[in-house]
Each structure stands twice: as C-alpha cells, then as structure tokens.
Amino acid sequence: MIFSFEIPLLLLLLATAAGAIMVKDLMSSILLLGTYGFTLALIWAWLGAVDVAFVEAVVGAGLATVLFLLTLFRTAPKDTRLRRPPPSLTTLIVFPLLGVLLLYAAEDLPEFGDPNSPASAHISPIYLKQSYQDSHTPNVVTSVLMDYRSLDTMIETVVIFSAGIACALLLRRET
Amino acid sequence: MKTFLFCVLVMLVILIGAYLYRVLRGPTIFDRVLGLNGISTKAIILLIVIGVYFERVDMFIDISTGYALLNLVGALAVAKYLEQKGLP
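Conventions we followed
- Residues numbered from 1 in each chain as written.
- Chains lettered and ligands numbered in written order.
- Predicted model: local features only at pLDDT ≥ 70, side-chain atom pairs only at ≥ 80, totals over all residues.
- Domains from an automatic or database assignment.
- Contact = placed C-beta atoms within 7 Å.
- Helix = DSSP H or I, 4+ residues; strand = E, 2+ residues; numbered from the N terminus.
- Nonpolar A, V, L, I, M, F, W, Y, C, P; charged D, E, K, R; others polar.
- Axes fitted to C-alpha atoms, helices over the stretch in contact; angles between N-to-C directions.
- Parallel < 35°, antiparallel > 145°, perpendicular 65-115°, else oblique.
- Expected span 1.5 Å × (residues − 1).
- Bend = angle between axes of the 7 residues up to and from the residue.
- Buried ≥ 20, exposed ≤ 12 C-beta atoms within 10 Å, placed from the backbone.

K.L.:
Could you give an account of the domain arrangement of chain A, naming the residues involved and the relevant values?
P.N.:
Split into domains, chain A comes out as domain 1 (1-82) and domain 2 (115-175). Domain 1 of chain A and domain 2 of chain A are separated by 24 Å when their C-alpha centres are compared.

K.L.:
Explain the interface of chain A and chain B residue by residue, including any values.
P.N.:
Facing 32 residues of chain A, the contacting portion of chain B comprises 33 residues. Looking at the side of chain A that touches chain B, the elements that each hand over two or more residues are helix 1 (6-22), helix 2 (26-46) and helix 3 (50-74) of chain A. Across the side of chain A that touches chain B, the residue classes break down as 23 nonpolar, eight polar and one charged.

K.L.:
So what's going on with unusual backbone geometry? Residues and values would help.
P.N.:
Backbone geometry places A:H136, a non-glycine residue, at a positive phi of 55°. The residue A:H136 is located in the loop between helix 5 (118-135) and helix 6 (140-148) in this model. Backbone geometry at B:E55 places phi at a positive 60°, although glycine is not the residue there. In this structure, B:E55 sits in the loop between helix 2 (29-54) and helix 3 (57-85).

K.L.:
Give a description of the packing of helix 3 of chain A against helix 3 of chain B that names residues and reports values.
P.N.:
The contact between helix 3 of chain A and helix 3 of chain B brings their axes to 9 Å, and the two run at 5°. In terms of orientation, helix 3 of chain A lies roughly parallel with respect to helix 3 of chain B. Only B:M59, B:D62, B:I63, B:G66, B:Y67, B:L70, B:N71, B:V73, B:G74, B:A77, B:V78 and B:Y81 of helix 3 of chain B make contact with helix 3 of chain A, whose side of the interface consists of A:V50, A:A53, A:F54, A:A57, A:V58, A:A61, A:G62, A:T65, A:V66, A:L69, A:L72 and A:F73. For the contact of helix 3 of chain A with helix 3 of chain B, the class distribution of residues is 18 nonpolar, five polar and one charged.

K.L.:
Any details on helix 5 of chain A? Residues and values, ideally.
P.N.:
Residues and elements named next belong to chain A. Over its 18 residues, helix 5 extends 24 Å from the first C-alpha to the last, a length consistent with the 26 Å expected when each residue adds 1.5 Å. Along its length, helix 5 shows its largest kink, about 40°, at K129. Burial analysis of helix 5 places just one of its 18 residues in the buried class, a small minority of the element. Of the residues one or two after helix 5, H136 is the one with positive phi, at around 55°.

Written out as structure tokens, the structure is:
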C-alpha cells in the first residue's frame, strides 16, 4: 500500500503539538495537549502496541489534563498569558541540526515489523515461549514488566510513589 | 472490505482535522472544549474501526471504553475549573 495511514495521524500530531506551543492561553494549551495525547494513542493503536495505547489514552490524554487543570487551580489566575522571547539564533541552528542527526541515526534501525530484526529474531520468541513456564502469567507484557524486569519496575514505582506524595503535599488544602 | 475500512479511517481522520481547526482557532474557550469532545468521540470510533481492521475488536473496545470514561472526567474537570475561576 503506497499511501500509509500513519502520515495523516502524524500530521495531526504535529499540528496539535505546534498548536499547544503557539497558543497564548494556558487553558487552551492544556486542551490541545489532551488532543495530542489522543492522537498519540491512536498512533500506538495503529502500530499494534495496544497496551501502550491504553496507557497513553488513560495517562496522557485523561490524567495529564486533569493534573494540569489542578495546577492552574493552584497558580495565580491573573497571569495565565504566556510572554516568551523569540528563540535565539543558536536555537534555530542547533535544533534542526540535532533533528537531522537523529533522522540520520534512525536510518540504521531495522524496518518496522521486520521478522529478521534482532529483537524479533532472538528476544521475542524466547519470551513468548518461556514466559508462561517461568512466571505463570497469561499476559506476556505483564510477565515481562513484572517478572523479567521487576527490579526496574520496582524502582519506577518508587519514583512515581514519591512524586505522588510530593504532589499530594503540594496540593493539600491549607488549614 | 479492507479497502472500505481504510477509506472510513481516512475519512475519520479528515473529520478530526476539521475539529482540530476549531480547537486551534476557536475564539472562545467553549469552542475549544467542544472541539476536544468531538475529537475524542471521533477517536473512540476510529479505535473501534482500527480494531475491526486488524480483526482484534475485543482488545480495542477496552481502550475505547477507557478513552470514553476519561474524556468524561476531563470534561468535568474543565467544567469545574470554569465554574470556579470564571471565564478567562
């Protein structure tokens, strides 16, 4: 298929991302970020990463909007207009160069869905074959996250937990 | 059938683009909220159609339900905000 469906989705993503930066009003910026999360979740779903799409829809589109709104509740309502200086010449030169460099590095990545790429040739079959015997969890993603990478997940949980405690302390009502 | 579903997907994305124009340009905050709601309903339908396209509807229905619930929470949060702080 010559026309691939990712292109209109990516155009939508770019439009929402640019709009969230360009819009002057913080409230509208939050709404546009919600749209960005929706589009990103659609892209994950289209690429077949259903679990990632679910997390992105729940956290990126739903929860992040509510958290940003809570932040707006707590900050001063007067100064919701953004006033930022135009980007300097260095920024305008360095960041496109960085983008070109990253695109150049992405040239060497294996094709999307390539069955001969190292990840799908060596790692995925082992996980798919052995994860049930190893961990007795029917969902492979869960067994990878919770068993094979359990230390990593534990430290991540510690980070999220402490961030949550900090947010709760900051957001509590003054008595 | 695949071609038909693909055309439906592209049409839905074009519709999302129309809503996105309203969200980006919207003169008042209500235009943006309504645009966001429209985009989320289109996104829910789009997810289901993607599920039919991949013939894995059962997984995608879960995601779209989560979408719909959280979209309601987000709309309620915006409404609460506007109620307490007044219109910008």
